[in-house]
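Architecture at a glance
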Amino acid sequence: MKVLVTGRLPEQVLSLIRKEHDLTAHASDVPMDRRELLALVGDVDGLLCMITDRVDEELLAAGRNLKMIANMAVGFDNINVGAATARGIWVSNTPGVLNDATADLTFALILAVSRRVIESDAITRSGRFKPWAPFSFLGTDVTGKTLGIIGLGNIGKEVARRAHGFRMPVLYHNRRRLDPVAEQDIGVRFSDLDALLSESDYVSLHVPLTDQTRRLITGRELKLMRRTAYLINVSRGPVVDEAALVQALQSGWIAGAGLDVYENEPSLASGLAQLPNVVLLPHIGSATLETRTQMAALAAENLLAGLRGETPPNCLNCPRTLA
Ligand code: GLV
């Protein structure tokens, strides 16, 4: 069968696909041009795609032979899964393998924004490091502060586990409340959204992007947060109204933000990059060599299973998964 891979992946992963199929692989880190993608998808059976590829009605209609779409990401808001299902195309994602890397990066953001790590590094390298002074470069303690996790899925749970190392009480808000034994095991307390926003020193977002979570955080929610609190987002940009966040940061409604994702990636909302109280990363939540290699391998494993007619291990819409 014919397979298209839209991102630059390690040879060890591509060779697994080549063993069974006729492979066309994009060889650049610049996302595949939309027109090229629409043309190439025309005769492929399997597509291994990236979050930068929009798999919508137009693409699905162009992919007349498509049977299997493997997204190399845990989030799959770039794919119209309902439309794929209606066409009998299986869709998979890569859950699990990126939990630790993404939870680690959440803490990198919490620590960097609280302890002014980026600003201090810039000053040190530029030769402006003056002798030590008792009240300069002051940040804020992380240890013992309250962490509010919105979305306690696999990544949110790993963030909670790390928080205990910092002796942080952890509140969480989730679509479904966990059972009390699980709450106790993970060491988290359920809270309604507004209470979590007003009681947390750090509000960290770990929800998937859906119709229910788009713009979950607007001006109203930011105003509920403490003036000393920080917003951390490693989920998806559109969960936050980014213009409202800029206003909140400019007006002192909250103390700062650590962001890995943006509403219109790779563009930033006007004013965001000029703010001193933000740490801005280029969507690198899962970007470690070990994790991205595992994600690529898992996406390939799903793709190959689907094309063999087996149920892909991380199928999002296979009849057996849906049952
Ligand atoms: C990355 O953003 C992912 O969803 O895996």
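Above this note sits the structure.
How each quantity is defined
- Residues numbered from 1 in each chain as written.
- Predicted model: local features only at pLDDT ≥ 70, side-chain atom pairs only at ≥ 80, totals over all residues.
- Heavy atoms only, no water.
- Helix = DSSP H or I, 4+ residues; strand = E, 2+ residues; numbered from the N terminus.
- Rg over C-alpha atoms; globule rule 2.2 N^0.38 Å.
- Buried < 20%, exposed > 50% of the residue type's maximum accessible area, 1.4 Å probe, protein only.
- Contact = heavy atoms within 4.5 Å.
- Expected span 1.5 Å × (residues − 1).
- Salt bridge = Lys/Arg side-chain N within 4 Å of Asp/Glu carboxyl O.
- Pairing = 2+ DSSP bridges.
- Axes fitted to C-alpha atoms, helices over the stretch in contact; angles between N-to-C directions.
- Parallel < 35°, antiparallel > 145°, perpendicular 65-115°, else oblique.
- Near = heavy atom within 4 Å.
- Polar contact = N/O pair within 3.5 Å; in protein donor to acceptor, adjacent residues only side chain to side chain.
- Areas by Shrake-Rupley, 256 points an atom, 1.4 Å probe, with all protein chains shown as cover.
- Nonpolar A, V, L, I, M, F, W, Y, C, P; charged D, E, K, R; others polar.

1. A short note on the overall build of the chain
The helix and strand inventory of the chain stands at 13 helices and 12 strands. Computed over the C-alpha atoms, the radius of gyration of the chain is 21 Å, within 12% of the 20 Å expected from 2.2 N^0.38 for a compact globule of 323 residues. Here the C-alpha coordinates of the chain stretch approximately 65 × 50 × 30 Å along the principal axes. Going through the 323 residues of the chain one by one, you find that 51% of them count as buried. A separation threshold of at least 6 residues defines the contact pool for the chain, and within that pool the share at least 24 residues apart is 59%.

2. What about helix H12 (residues 289–308)?
In this model H12 runs 28 Å from its N-terminal to its C-terminal C-alpha over 20 residues, within 8% of the 28 Å that 1.5 Å per residue would give. Directly after H12, the chain includes Gly309, whose backbone phi takes a positive value near 90°.

3. Remarks on the pattern of salt bridges
In total, this model carries 23 salt bridges according to the counting rule given. For Arg308, the salt bridge goes to Glu20, with nearest N and O atoms at 2.8 Å. You can see Arg308 sitting in helix H12 and its partner Glu20 sitting in helix H1 (residues 11–20), a full 288 residues away along the chain. Of the residues examined, Arg308 reaches a relative accessible area of 44% and is grouped as partly exposed. The partly exposed category is assigned to Glu20, whose relative accessible area is 35%. Taking the shortest distance from any N to any O, the salt bridge between Arg220 and Asp194 comes out at 2.7 Å. With Arg220 in helix H10 (residues 219–224) and Asp194 in helix H9 (residues 193–199), this residue pair connects regions lying 26 residues apart in the sequence. A relative accessible area of 45% places Arg220 in the partly exposed class. You can call Asp194 partly exposed: its relative accessible area is 29%. Members of the salt-bridge network, linked through shared partners, are Asp100, Asp104, Glu158, Arg161 and Arg162.

4. Some thoughts on the environment of Met50
Secondary-structure assignment places Met50 in the loop between strand S3 (46–49) and helix H3 (57–62). Relative accessible area serves as the criterion here: at 14%, Met50 is assigned to the buried category. Residues contacting Met50, with those up to four places away along its chain left out, are Thr6, Gly7, Leu9, Asn71, Met72 and Asn78.

5. Observations concerning the pairing of S3
A regular strand carries its side chains on alternate faces of the sheet. Burial along S3 is two-sided: Gly46 and Leu48 and Leu47 and Cys49, pointing in opposite directions, are all buried. Bridge count for strand S1 (residues 2–5) against S3 is three bridges, and the pairing is parallel. Within the sheet, the bridge partner assigned to Val5 lies in S3 and is Leu48. Note: S3 against strand S4 (residues 68–71), four bridges, orientation parallel. Looking across to S4, one finds that Leu47 is bridged to Ile69.

6. Some details on the packing of H1 against H12
Two numbers describe how H1 lies on H12: the axes approach to 9 Å, and their chain directions differ by 10°. Classified by the interaxial angle, the pair formed by H1 and H12 is roughly parallel. Side by side, H1 and H12 meet where Gln12, Val13, Leu16, Ile17 and Glu20 of the first sit next to Thr293, Ala296, Ala297, Ala300, Leu303, Leu304 and Arg308 of the second.

7. As for the site of the ligand
Taken together, the residues surrounding the ligand are Ala73, Val74, Gly75, Leu98, Arg236, His283 and Met295. Take Gly75: an N or O atom from its main chain is 2.8 Å from an oxygen atom of the ligand. The contact in question runs from an oxygen atom of the ligand to an N or O atom on the side chain of His283, over 2.6 Å. Protein burial of the ligand: of its 190 Å² of free accessible surface, 88% is covered by the chains. Split into classes, the residues belonging to the shell around the ligand amount to four nonpolar, two polar and one charged.

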